[in-house]
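# Examination of the molecular architecture
Here are the chains, one letter per residue:
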Amino acid sequence: MIVMSREYDLKPAPSDEGASAIATGKSLINRRQFLSYGFNTVSGVLAASLGVLGFASLLLPPAGSGGGDLAAKYWAKGREDEAWYGPMHEQVMKKSDFVAEAAKSSTGTSGASGVWNGVPIIVTYVDHSKNAGSPVSNGKARFQFMDGYDGTGKYVGHFEDLSDVDPRLLPNENLVMIFGRCTHLCCIPGWQLVSNDYTEDTWTPGGGDDGGTKLFCICHSSRFDPTALEMNTNTNRSNGSKFRYAGIRRSGGPAPVGLPIIPIAMNGDFIEGLPDYVDWYTYCD
Ligand code: FES
């Protein structure tokens, strides 16, 4: 586990033009590229309609491929020939895979869609240990620990208010695992790095909507910055109770808040998730 000091206390990104831009034809997201590069769209949309249990019954990978019961596994069905982790579809995620892929990136990042404990996930690697000491102007990504604001703009707390209590919420060996259902209408975003305004392989600090290296939701073009870690709030869809959570920041689009973190435990080179915060994943049915 790496322990890092607070680096940013920035205001939330002002941009909120995502959905309207799509509606007006101002192409923030190239949907054709997304369909080519993004998370397996067909099963993603299907899973969104079935809910988490349906997703589990559809996507639980076969046992016996290494790692423990809580191992995260790659999911690249339908685009095994396109995603860098396509050849590893349904295999246990390994840190060394992410490190090797990040070394090919101009930002020092890599990301992959997957499944963990029956739910969709995205795991991102950020070469924080190497880049955190360098000027942000060099475009090398690093984690940012930030203040959080809810969907109305109300301050809710700082990421480290949660990580100070439970350090397992911090990135583990430069890795972060994220619950992969959008806080807008529960679609399943995907990781992509493609060449357009919002997906090119660039990184900018502040958790805003400029630069690339963002996580996108295909449904209505919400964007999330997997390097910007904050505290936020959301609501249990079944009983209406509110909860605070550690997550990645929403940088643009109609999603009201960011996506929750699933704390990681390393099992050698294997990446495993900890089921300690399942109440954080209850904003979808
Ligand atoms: S479900 Fe609407 S932007 Fe994700």
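Preceding this paragraph is the structure being described.
This report concerns the structure included in the present document.

About the cut-offs
- Residue positions are given per chain, counted from 1 along the sequence in the order it is written.
- Residue-level local features of this predicted model are given only where pLDDT is at least 70; pairs of side-chain atoms are given and counted only at 80 or more, and the full residue set underlies all totals for whole chains, interfaces and linings.
- Remark: hydrogens and water are excluded; side-chain values derive from all non-hydrogen atoms of the structure.
- The helix count covers DSSP runs of H or I at least four residues long, the strand count covers runs of E at least two residues long, and both are numbered beginning at the N terminus.
- Remark: exposure states derive from per-residue accessible area (1.4 Å probe, protein chains only) relative to the maximum for the residue type, with buried under 20%, exposed over 50%, and partly exposed in between.
- Residues are treated as being in contact if the distance between any of their heavy atoms lies within 4.5 Å.
- For accessible areas, the Shrake-Rupley method is used with a probe of radius 1.4 Å. Any residue's cover is judged against the shown protein chains and nothing else.
- Regarding the arc, it is the one traced by the directions from the helix axis to the C-beta atoms.
- Just to be clear on terms, a salt bridge is a Lys or Arg side-chain nitrogen sitting within 4 Å of an Asp or Glu carboxyl oxygen.
- Pairing of aromatic side chains here covers Phe, Tyr and the six-membered ring of Trp, requires ring centres within 6.5 Å, and sorts the geometry by plane angle: under 30 degrees stacked, over 60 edge-to-face, intermediate tilted.
- Here, the term disulfide refers to a pair of cysteine sulfur atoms separated by no more than 2.5 Å.

On to the overall build of the chain. Helix and strand counts for the chain stand at six helices and 14 strands. Each of the 285 residues in the chain was classed as buried or not, and the buried ones make up 58%. Taking as baseline every contact in the chain between residues at least 6 positions apart, the subset at least 24 positions apart corresponds to 67%. Approximately 11,300 Å² of the chain is accessible, and the part contributed by carbon and sulfur atoms is 53%.

The next subject is helix α4 (residues 95–102). Listing the buried residues of α4 in full gives D97, F98, E101 and A102. All buried residues of α4 lie within an arc of 125° about the axis, which places them on one face of the element. Packed against the buried residues of α4 are β1 (73–74), β2 (109–116), β3 (119–126), β7 (175–179) and β14 (270–273).

What follows covers the pattern of salt bridges. Summed over all chains, the structure comprises six salt bridges. The residue K104 makes a salt bridge to E101 at a minimum N-O spacing of 3.4 Å. The exposed category is assigned to K104, whose relative accessible area is 67%. A relative accessible area of 19% places E101 in the buried class. In this structure, D276 and R168 form a salt bridge, with 2.8 Å as the shortest nitrogen-oxygen distance. Of the two residues, D276 sits in the segment after β14 while R168 sits in the loop between α6 (159–163) and β7, which places them 108 residues apart along the sequence. Judged by relative accessible area, which is 37%, D276 ranks as partly exposed. For R168, a relative accessible area of 30% translates into the label partly exposed. Here the salt bridges do not stand alone but share partners, grouping D166, R168 and D276 into one network.

Moving on to the packing of aromatic side chains. For the structure on display, the rule yields 12 aromatic pairs. Ring plane angle 65° and centroid distance 5.6 Å describe the contact between Y149 and Y155, whose orientation is recorded as edge-to-face. The class of Y149 is buried, set by a relative accessible area of 13%. Through a chain of ring-to-ring contacts, three or more aromatic side chains come together here, namely Y74, W84, Y85 and F98.

It is worth spelling out the state of the cysteines at this point. Evaluation of the coordinates by the stated rule reveals two disulfides. Paired by a disulfide, C186 and C284 hold their sulfur atoms 2.0 Å apart. Judged by the sign of its S-S torsion, about -105°, the cystine formed by C186 and C284 is left-handed. Placement of C186 in the loop between β7 and β8 (190–191) and of C284 in the segment after β14 is noted, with a sequence separation of 98 residues between them. By relative accessible area, which is 5% here, C284 ends up buried. Note that C187 is cross-linked by a disulfide to C219, the S-S spacing being 2.0 Å. Sign of the S-S torsion, about -95° for the bond between C187 and C219, identifies this disulfide as left-handed. Taken together, the positions of C187 in the loop between β7 and β8 and C219 in the loop between β9 (215–216) and β10 (223–235) put the pair 32 residues apart, joining distant regions of the chain. Residue classification places C187 among the buried positions, given a relative accessible area of 12%. Regarding the disulfides, the chain carries the connectivity 1-4, 2-3 under sequence-order numbering of its bonded cysteines.

By themselves these figures say nothing about function.
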